[in-house]
Amino acid sequence: MKSNIYKYPIVWQKDDFFIKIYSSIPNIATGILITSNNATFVVDPGDGILRDLSKDVGANTILNISDIFISHGHHDHIGGVWSLLTYLSVMHKKNEINIYYPKGCIEIESIYKAFIKVYKRDLTYKINLREINSEKQFKRKSILIKPFKVNHREISHDNKSTVKIPSIGFKFIYNKKSICYGGDTAYCESLVKHCANSDLAIIEAGADTENKLDLHMSIEQASQIGKTAKEYFLVHVPE
Ligand SMILES: [Zn+2]
């Protein structure tokens, strides 16, 4: 059952379509790099993403990042945004960067606003916030991106009930190969649909107990979806 859970980093490559998952540990950090012939994307830059990228690919590749994709606003998916944006400015990034995020994700909007307030005068590059409010596909560099809604929740202040939060997954398609990344989600039909027949599915299995199943998936649920793709990795498994 646990054969599709790997030690990080996890790497997958088909020709020049490449993905590396540096980390995906619930409540700690996620961090993913995707590249193609001409694209350098970062997905869910949690805490440690700058350290991992710096050690692994170095400054030139980091400076080439054109697009950041955020699945949702939880700290383990966005905790590295501030340091990454600051590093890019300190290193005199010139070309602009897009940040894609689900509509209503106030964490990213707040980080952006505060960041601009602090660094506006010295900022060497432009940051474009790209709110996603539909499942309309779009192309960046050589990669087609299909966002899709998923169903993620968080525990509310009363510590009893849960509340739905803006959350999306992304399907990245390049050179007839597709990578489906669901972000954090409970079992949902849109994830089932988008993972089916993908070349690679990256699926969270963050529920270690039955009572977390409205926030995350169990290993059984995630595996069931994963098996509909050609290959899959289970991530976000509690350690
Ligand atoms: Zn989450």
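As the structure is a computational prediction, the values presented were derived from the model and not from experiment.

Participant: Can you help me understand the overall build of the protein chain in this one?
Facilitator: Helix and strand counts for the protein chain come out as seven helices and 15 strands. In terms of overall size, the protein chain behaves like a compact globule, its C-alpha atoms giving a radius of gyration of 17 Å where 239 residues would be expected to give roughly 18 Å. A principal-axis box enclosing the C-alpha atoms of the protein chain has dimensions of 50 × 50 × 35 Å. Each of the 239 residues in the protein chain was classed as buried or not, and the buried ones make up 42%.

Participant: Explain the sheet that holds strand β14 (residues 200–204) to me, please; I cannot follow it from the model alone.
Facilitator: Note: strands within a sheet are paired through backbone hydrogen bonds, in either parallel or antiparallel orientation. A sheet is described by the order of its strands in space; here six strands give the open sequence β8-β9-β12-β13-β14-β15, paired in mixed fashion. Only two strands of the sheet have a single partner each, and these edge strands are β8 (138–140) and β15 (231–235). Going across the sheet, the axis of each strand differs from the next one's by a mean of 20°, ignoring polarity. Sheet topology places strand β9 (residues 143–149) next to strand β12 (residues 168–174); six bridges connect them, and they run antiparallel. Bridge assignment links P147 to a residue of β12, and that residue is F170.

Participant: Looking at this structure, I do not really get the sheet that holds strand β6 (residues 97–102). What am I missing?
Facilitator: Pairing is mixed across the open sheet formed by seven strands, whose spatial order is β1-β2-β3-β4-β5-β6-β7. Either end of the sheet is taken by a strand with one partner, and the two such strands are β1 (10–14) and β7 (127–132). Taken over all neighbouring pairs, the strand axes of this sheet differ in orientation by 15° on average, direction set aside. Taken together, the seven bridges between strand β2 (residues 17–25) and strand β3 (residues 29–35) define a ladder with antiparallel strand orientation. Looking at the pairing, I19 lines up with I34 of β3.

Participant: Help me understand the UniProt feature "domain: Metallo-beta-lactamase" (unreviewed entry) in the protein chain, please; the structure alone is not making it clear to me.
Facilitator: If you check UniProt for "domain: Metallo-beta-lactamase" (unreviewed entry), the listed places come out as residues 41–229 in our numbering. Annotation note: span residues 41–229, helix share 30%, strand share 28%, distance between end C-alpha atoms 22 Å.

Participant: Explanation requested: the environment of I108 in the structure shown.
Facilitator: Tracing the sequence through the fold places I108 in helix α5 (residues 106–119). For I108, a count of 22 C-beta atoms within 10 Å translates into the label buried. A sequence separation of 36 residues divides I108 from H72, and the C-alpha atoms of the two residues are 8.8 Å apart. With residues near it in sequence (within four places) discarded, I108 still touches I70, G73, I78, I99 and Y101.

Participant: What exactly am I supposed to notice about unusual backbone geometry here?
Facilitator: Apart from glycine, the bulk of residues carry a negative phi angle, and the bulk of peptide bonds sit in the trans form. With an omega of 0°, the peptide bond running from Y8 to P9 counts as cis. With respect to the secondary-structure elements, P9 resides in the segment before β1. Look at N159: it is not a glycine, yet its phi comes out positive at around 70°. In this structure, N159 sits in the loop between β10 (152–155) and β11 (162–165). Of note, the phi angle at K176 is positive, near 65°, even though the residue is not glycine. Checked against the element boundaries, K176 lands in the loop between β12 and β13 (177–181).

Participant: Would you mind showing me how to read helix α7 (residues 219–226) here?
Facilitator: Side chains three or four residues apart in an α-helix point the same way, a direct result of the helix having 3.6 residues per turn. Among the residues making up α7, those that are buried are A222, I225 and G226. Projected down its long axis, α7 shows its buried positions confined to an angular sector of 100°, all on one face. Where α7 is buried, its residues meet α6 (189–195), β14 and β15.

Participant: Any chance you could explain the environment of T228 here in plain terms?
Facilitator: Within the secondary structure, T228 sits in the loop between α7 and β15. Sequence-wise, T228 and A186 are 42 residues apart; in three dimensions their C-alpha atoms are separated by 17 Å. Those residues within four positions of T228 in sequence are excluded, and the remaining contacts are C195 and A196.

Participant: Before we go on, may I ask you to explain the nonpolar core in this structure?
Facilitator: The tendency in soluble globular proteins is for nonpolar side chains to be buried as a group. Counting 59 residues, the largest nonpolar core has V42, V43, I70, A201, I202 and I203 as the members making the most contacts within it. Apart from the residues lying within four places of it in its own chain, the contact partners of A201 are C180, C195, I225, G226, A229 and Y232.

Criteria and cut-off values
- Residues numbered from 1 in each chain as written.
- Predicted model: local features only at pLDDT ≥ 70, side-chain atom pairs only at ≥ 80, totals over all residues.
- Helix = DSSP H or I, 4+ residues; strand = E, 2+ residues; numbered from the N terminus.
- Rg over C-alpha atoms; globule rule 2.2 N^0.38 Å.
- Buried ≥ 20, exposed ≤ 12 C-beta atoms within 10 Å, placed from the backbone.
- Pairing = 2+ DSSP bridges.
- Axes fitted to C-alpha atoms, helices over the stretch in contact; angles between N-to-C directions.
- UniProt positions renumbered as here; feature names shortened; annotations may be inferred.
- Contact = placed C-beta atoms within 7 Å.
- Arc of directions from axis to C-beta.
- Core = buried A, V, L, I, M, F, W, Y, C linked by C-beta atoms within 7 Å.

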